Amino acid sequence: MSISPQELQRTAHTVECLFDSLPMADGRERAEIEEWVVKWLCSDAGKGGYAIYHQGQLHCHAGGRVMRSFPLPGIGQTRAIWCDRGKISLIDGNAYAAAGALVMLGSAGLAQRPQGSGSTGGGVGIGSNNNNNNNNNNG
């Protein structure tokens with residue numbers, strides 16, 4: 001899969017926002033996991049994939065199954081958080097744990113920083129195009 005520098009940057013920013021939301025301290029372990037997740041999401045293997053933080057674990061899903069999990073001990077985050085290459089959202093952790101269901105709850109209260117001069121687009125899309133979002137919401 002060929003990916004543009006802008007898409008790579010957006011993906012890296014989204015994954016960084018996920019880790020900021022946990023919050024996980026900056027350091028070698030965080031950097032290594034972030035790098036793996038970004039590379040995976042941008043690869044053919046991670047196409048259509050997403051990552052979920054739930055109960056001390058980061059699970060990377062693609063093709064209907066967990067591709068890799070990372071233990072994240074010591075994280076005080078009790079909410080379940082989902083992200084893909086461009087968005088981040090809280091999810092219903094009980095629905096995820098019980099049946100793997102993704103029930104999106106929104107992104108209020110998550111650590112999201114504008115990327116460069118861009119905006120978070122209302123907190124859901126990271127560096128997204130508001131015109132496309134409006135068209136998708138109205139269509």
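Computed from a prediction, not measured in an experiment: that's the story for all the values here.

A. Highlighting the overall build of the protein chain. Within the protein chain, the secondary structure is distributed over four helices and six strands. Counting helices and strands in the order they occur from the N terminus, the protein chain gives α-α-β-β-β-β-β-α-β-α. Each of the 139 residues in the protein chain was classed as buried or not, and the buried ones make up 42%. A fraction of 51% describes how many contacts in the protein chain between residues 6 or more apart in sequence connect residues 24 or more apart. Of the roughly 7,500 Å² of accessible surface on the protein chain, a fraction of 48% belongs to carbon and sulfur atoms.

B. Structural context of the pairing of strand β5 (residues 88-91). Here β5 shows a buried face lined by Ile-88 and Leu-90 and a second buried face lined by Ser-89 and Ile-91. Where strand β4 (residues 80-83) folds back on β5, the antiparallel hairpin that results is connected by four residues. As paired strands, β5 and strand β6 (residues 104-106) are joined by two bridges and run antiparallel to one another. If you follow Leu-90 over to β6, its bridge partner there is Gly-106.

Procedures and definitions
- Numbers given to residues run from 1 along each chain, matching the order in which its sequence is written.
- Only residues with pLDDT of at least 70 are given local features in this predicted model, and only at 80 or more are side-chain atom pairs given and counted; all residues enter the totals for whole chains, interfaces and linings.
- Hydrogen atoms and water are omitted, and side-chain values are computed over all heavy atoms in the structure.
- Helix numbers and strand numbers start at the N terminus; a helix is a DSSP run of H or I with at least 4 residues, a strand a run of E with at least 2.
- Exposure classes here rest on a 1.4 Å probe applied to the protein chains alone. A residue is buried below 20% of its type maximum, exposed above 50%, and partly exposed in between.
- Should any heavy atoms of two residues lie within 4.5 Å, those residues are counted as being in contact.
- Where accessible areas are quoted, they stem from the Shrake-Rupley method and a 1.4 Å probe; at the residue level, only the protein chains shown are allowed to cover.
- Here a strand pair is declared whenever DSSP counts at least two bridges between the two strands.

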